[in-house]
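# Summary of structural features
Residue-level listing of the chains:
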Amino acid sequence: MHLSELIEGIDYRCRSRRGPEGLVIRGISADSRRIGPAHLFIALSGGASDGHRFIAEALHAGAVAVLVDREDLLGHDQLIADTCILVVDDARLTLGILAARFYGNPAESLTLIGITGTNGKTTVSYLLEHALNQAALKVGVIGTVEYRYRGEDGGLIRYPAPFTTPDPLQLHRILREMVDGGVTHVVMEVSSHALQQQRLGPLDCALAVFTNLSQDHLDYHPSMEEYWSAKALLFERHLHAGAYVVVVLPEDRQSPQAGWAERVLARCRTLPVQLLTCGGDAAQIRLLESHSTLAGSEMVYRGLQGVQRSLSSPLVGRFNMDNLLAALTALTAMGFDEETAGRLLSSAPGAPGRLQRIEMAERPGGQPTVFVDYAHTPDALANVLATLAGVPHRTLYCLVGCGGDRDRSKRPLMGGIAATLSDVTIVTDDNPRSEEPASIRSLVLAGARDSGVPIHDPDWLTRRGEAGKGCVEIGDRHAAIELAVAVAGPGDIVLIAGKGHERYQITAAGKRFFDDCLVASEAGMLWDTATLAAAVDGRLVRDVDRPSRRFSTISTDSRTIGGQDVFVALSGETHDGHEYLIQAVTNGAGCLVVADARRASGLPAACIEVADTLTALGDLANWRRKAVQRLHNPVVVGLTGSCGKTTVKEMTAAIFSCRWPDRVDRPPGRVLKTKGNFNNLVGLPLSLLPLTTRHRAAVLEMGMNRPGEIARLTEIADPDIACITNIHGAHLEGLGSIDGVARAKGELFDTVDRRAVLIVNLDDERVIACARRHDRVTVGFSVQPGRRPVDALVWAADSVADGAGLLTFRLHVGKQQARLTIRAPGLHNAANACAAAAIAHAAGIDLACIVAGLESFRSGANRMQAVQTHGGIQILNDSYNANPASMSSALETLARLASARRAALLGDMLELGADAPGLHEAVGLQAARLGINYLGLVGGFAEDMKRGALAGGMHDEDIVVLQSRERAVDWLSELVHSARLQTGDWVLVKASRGIALDTVVEAFVDRCQQDNP
């Protein structure tokens, strides 16, 4: 856009030799850090920093023109003299005009609805959005929680909201996106800051709503009068002629809020607008009566024509009746009849963090009712507490705090209101920002004390019983929420006030993720003895010392147990956890799950007796799985197979982590996965037990040695997606034959719920046979070159494994395809990637995210892990485990790697039964036929592998049977010292985990570092 066109009609003067003629502007910014080539830089005065100080920085970044309103702050260097410098009277006002023009004046194509007021803006915006969407209109929202709209494809497009009302450039950019996406109506919360800072620019609304005015933001506005004056700018400067203004009149006509509402009415009567009022007795749409329970509200109102109507809503509280009436009146102004408007609003859920009820996990004894609300002003807190106090309850708890670097005068007011209207007040931190948190809390506590409520130590909460009013101080907000939920019981109400929808906490150390709703939900999932006993169908032999005691972790290791842990005493062939009960209690265990309660006699911990502790461990994990499923329903993946299940698990987790990444506005670690080899009847429950409502997905590996184990693991995990990677000869010692392996692996498909999606390897006939036994939704994958099964939804083509350990292939998912490269050596990893892609597709993840996740994958420790030593020897460390199929794949991968010479250090493949000698001999034969130069062999079947290698043509002097792992390190070192292995050559190290060849890799790498410091 030409600069002369952009500034047409704006009164300016040129401060430099260069004028605006002929300059093309490709971007505008008031932030010098965001300036690029051919940009216009707007230097804004005031605020935390003055933009005039950054003019030189903007010019160096590529700005071709600068607009200022403080000519006296300009420098005199040559760069500024040669640049187009435009001087205006008000740069902020001009920025709004230029932003609208630069983005093509998008607001001219929209119906704008502006909402202002101290409280209720967000709720009214959500109500209007819901109603207009129900009426099949395309709606966008700009507000405190986020900026959002639905694109042409129906998908929700969301932007985080750093401010209730964004700066002019972001505002008009989003409005342009909305128009281009087909949006016709925009509901916008308008803050006093935005109005005073002229962020709206030339925007005019067709409808404005005034909710109320009460004390807030007096750290920014010097007085309530100036706060009011800023709010009034919406009506004075940003309304179309003939626009509607909706004003909410308070129930109490003598209240300060009523006075501010009357001033809005008086101001608007001098303007060419149409007025509508709602709420109190003097309103045109008048509330006659209302009744609220914890489940919702019923209200009766008299409409514009005097007709009496009723409205049901899931929203709770008298203040929400005002919000509903404001939305209903606004819809009436837009042309909806009152009956239709009421019907559209009756199902509206309201806004997140506005008296939002937190769904809690079920407990045998019941749970308190927990609400999260954004109430951070005295008026809002009083309204919310009065609402909750008016519904049936036992004890009303209120967590309250105040933000730092904000209006200090409201802190004692907030403390006094909380202490007066609730039974138990917990003063905690909000967003302390740069202030000392304790000093903020002290002012809140002063208000509580002045109200006549006694201040107690936090332990009072656990011993107060049913009666007694009081206040405690707990600075840590997380701990405060956890304790409040723990001490409250069924029939109690817990209000967590102040932060509402916010997903952060700001302290002097910076901004960190924090979500009141999530913390409350997770607090409700902590274990108590009644829930533990119910989950395991056990007998509570001895209870805790106090009913509010909660436990966070289930542990089977007495050495690492903590003070909030439950110890499950497992008994096995070589150990008995009951022998470690004293150690567990000494280290802090608060509850013991045992098979024989007599062995826990006299120990100072709760005790639950069960028939079998291993079964109990699985039952606890299944209880947690079901509890989270009822609340949140994350995607749970269960996968097994003879080869590749760990790699597929890691690849799937990488894709899921791309779909649900760690972000500052989201909880960390939203993808849960099996760690290490925790995939058996002990490991899988321990992997699943950390599942909470923060998780969006869990990827669980299932291993087994005996029939029935996969079935039990499947019962515990109850996966939504089940994958069998492949079926080969492994664990033959316990399963007898390959058919026995197939039956054992097939237990996954046999046992999953009918809702589960089956992921089927179409290149494996045994996996296909397992799937054919069931009428389920399936997603098939294949990597067979040139003969892809017709029913494969996911397949790989054109796979190339290069000599550097990279694998490139074309991934097809349905009708889409993409070429990608992954850091996983070996063609067999194409099958692993396809399995992971099929799982992700079943979870609803798109191809772009699948590709990004696979390309971010890195091999785990000891799993085809490329390690380079000092001196340049390349090690392919695959010592995690081995069976005939994985050994064959690893040897083929080694043979394809770019290397002058190749060596393999191989150990036993365990649990192969009577076929073990022949299967090991086949490994040696394959190594010889692939041209492996040197072969080191460890374990009881080393001679069998040597026999096979000799039969394949290897020379006897190139094969060494090693008697120990230490000797294996020496053998590798001798290959290097004799120059038989040189820089760039590859060594494969592979065996079953029990052979522990990973220790050889570590020792050899250390020795190479000593030899090549």
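Residues numbered from 1 in each chain as written. Predicted model: local features only at pLDDT ≥ 70, side-chain atom pairs only at ≥ 80, totals over all residues. Heavy atoms only, no water.

To continue, consider the pattern of salt bridges. Note on pairing: side chains with opposite charge can pair once their charged atoms come close. Tallied over the full model, the rule gives 49 salt bridges. Between aspartate 429 and arginine 441 there is a salt bridge, with the nearest N and O atoms lying 2.7 Å from each other. Placement of aspartate 429 in the loop between β20 (424-427) and α14 (437-450) and of arginine 441 in helix α14 is noted, with a sequence separation of twelve residues between them. With relative accessibility at 12%, the residue aspartate 429 sits in the buried group. Residue arginine 441 is classed as buried on the basis of its relative accessible area, which comes to 13%. Linking arginine 947 and aspartate 944 is a salt bridge whose minimum nitrogen-to-oxygen distance equals 2.4 Å. Of this pair, arginine 947 and aspartate 944 both sit in helix α31 (residues 942-951), three residues apart, which is roughly one turn of that helix. (Salt bridge = Lys/Arg side-chain N within 4 Å of Asp/Glu carboxyl O. Helix = DSSP H or I, 4+ residues; strand = E, 2+ residues; numbered from the N terminus. Buried < 20%, exposed > 50% of the residue type's maximum accessible area, 1.4 Å probe, protein only.)

Further remarks concern helix α6 (residues 168-180). Over its 13 residues, α6 extends 18 Å from the first C-alpha to the last, a length consistent with the 18 Å expected when each residue adds 1.5 Å. Those residues of α6 that fall on the buried side of the exposure criterion are Pro168, Leu169, Gln170, Leu171, His172, Ile174, Leu175, Met178 and Val179. Where α6 is buried, its residues contact β2 (27-29), α4 (91-102), β7 (139-142), β8 (146-150), β9 (156-160) and β10 (185-189). Its side-chain oxygen at 3.0 Å from the backbone nitrogen of leucine 169, aspartate 167 defines the N-terminal cap of α6. (Expected span 1.5 Å × (residues − 1). Contact = heavy atoms within 4.5 Å. Polar contact = N/O pair within 3.5 Å; in protein donor to acceptor, adjacent residues only side chain to side chain.)

One recurring pattern in soluble globular proteins is that nonpolar side chains are buried together. Within the largest apolar cluster, 86 residues are counted, with the highest numbers of intra-cluster contacts made by Leu532, Ile554, Leu620, Phe749, Leu906 and Leu935. In terms of residues, this core owes the most to one element, helix α20 (residues 613-631), which gives seven residues. Dropping the residues within four chain positions of it, phenylalanine 749 is found in contact with Ala722, Cys723, Ile724, Leu758, Ile759, Val760, Val767, Cys770, Ala771, His774 and Arg776. Counting residues in each nonpolar core, the second largest holds 45 residues, with Ile759, Leu820, Ala833 and Phe857 among its members. (Core = buried A, V, L, I, M, F, W, Y, C linked by side-chain atoms within 4.5 Å.)

This part is about the side chain of arginine 441. Polar side-chain contacts of arginine 441 include one of 2.7 Å to the side chain of aspartate 429. Apart from the residues within four sequence positions on either side, arginine 441 is in contact with Val427, Thr428, Asp429, Glu473 and Gly475.

On to the sheet that holds strand β21 (residues 455-456). What holds strands together in a sheet is hydrogen bonding between their backbones, with the strands either parallel or antiparallel. Spatially, seven strands are ordered β17-β18-β23-β19-β20-β22-β21 in an open sheet, and the strand pairing comes out mixed. Strand pairing shows two members of the sheet lacking a second neighbour, β17 (356-358) and β21, which therefore form its edges. Sheet analysis places β21 next to strand β22 (residues 470-473), joined by two bridges and oriented parallel. Across the sheet, the residue bridging to histidine 456 is valine 472, located in β22. Its contacts with the sheet place α14 against β19 (396-400), β20, β21 and β22, and it is angled at close to 170° to β22. (Pairing = 2+ DSSP bridges. Axes fitted to C-alpha atoms, helices over the stretch in contact; angles between N-to-C directions.)

It is worth spelling out helix α9 (residues 256-268) at this point. Compared with the 18 Å implied by 1.5 Å per residue over 13 residues, the 19 Å span of α9 between its first and last C-alpha is a close match. Within the sequence span of α9, burial applies to Gln257, Ala258, Trp260, Ala261, Val264, Leu265 and Cys268. The arc that holds every buried residue of α9, seen down its axis, measures 165°, which confines them to one face. On its buried side, α9 packs onto β11 (205-210), α8 (224-237), β12 (239-249), β13 (274-279) and α12 (378-389). (Arc of directions from axis to C-beta.)

Under the UniProt annotation, the feature "domain: Mur ligase C-terminal" (unreviewed entry) is placed at residues 356-500 and 862-993. For residues 356-500, the helix share is 37%, the strand share is 19%, and the end-to-end C-alpha distance is 8 Å. Along residues 862-993, the helical share is 38% and the strand share 22%, with 10 Å between the first and last C-alpha atoms. (UniProt positions renumbered as here; feature names shortened; annotations may be inferred.)

Before going further, it helps to examine the packing of aromatic side chains. By the definition in use, this model includes four aromatic pairs. Residues phenylalanine 210 and phenylalanine 235 carry aromatic rings whose centres are separated by 6.4 Å and whose planes lie at 70° to one another, so their mutual orientation is edge-to-face. Separated by 25 residues along the polypeptide, phenylalanine 210 in strand β11 and phenylalanine 235 in helix α8 bring together distant segments of the chain. Under the relative-accessibility criterion, phenylalanine 235 is labelled buried at 3%. An angle of 65° between the planes, with centres 5.6 Å apart, marks the rings of phenylalanine 656 and tryptophan 660 as edge-to-face. One residue, arginine 199, lies across the ring of phenylalanine 163, its end atom 4.9 Å from the ring centre. Over the ring of tyrosine 880 we find arginine 863; its NZ or CZ atom is 3.6 Å from the centre of that ring. (Phe/Tyr/Trp six-rings, centres within 6.5 Å; stacked < 30°, edge-to-face > 60°. Lys NZ or Arg CZ within 6 Å of the ring centre and 35° of its normal.)

As a further point, take empty space enclosed by the protein. Throughout the structure, instances matching the rule amount to three cavities of 30 Å³ or more. Its boundaries defined by the atoms lining it, the largest cavity holds a volume of some 80 Å³. Considering the residues around the largest cavity, the lining is formed by Ala361, Glu362, Arg363, Gly524, Met525, Leu526, Trp527, Asp528, Thr531, Trp623, Arg624 and Ala627. Here the element with the most residues in the lining of the largest cavity is α20; it accounts for three residues. For the lining of the largest cavity, the residue count by class is six nonpolar, two polar and four charged. Put simply, the second largest cavity is a space of about 50 Å³. Lining of the second largest cavity is provided by Thr647, Glu650, Ala824, Asn829, Phe857, Ser859, Gly860, Arg863 and Met864. (1 Å grid on protein atoms, 1.4 Å probe; cavity = no way out; pocket = protein on both sides within 12 Å on 5 of 7 lines; lining within 4 Å. Points joined across faces, edges and corners; volume = space filled by probe spheres on them. Nonpolar A, V, L, I, M, F, W, Y, C, P; charged D, E, K, R; others polar.)

Let us look at the sheet that holds strand β28 (residues 565-568). Overall, mixed pairing links the five strands, which are arranged β26-β30-β29-β28-β27 in an open sheet. At either end of the open sheet lies a strand with only one pairing partner, and these are β26 (539-542) and β27 (553-555). Here the strands of the sheet are splayed against their neighbours by 25° on average, with no regard to which way each runs. Here three bridges tie β26 to strand β30 (residues 606-609), and the two strands are oriented antiparallel to one another. Across the sheet, residue leucine 540 finds its bridge partner in β30, namely isoleucine 608.

Attention shifts here to the environment of leucine 218. Of note, leucine 218 is situated in the loop between β11 and α8. A relative accessible area of 23% means that leucine 218 is categorised as partly exposed. Each C-alpha atom, one on leucine 218 and one on arginine 408, is 8.5 Å from the other, the two residues being 190 residues apart in sequence. Those residues in contact with leucine 218, other than ones at most four positions away along the chain, are Ser223, Met224 and Asp407.

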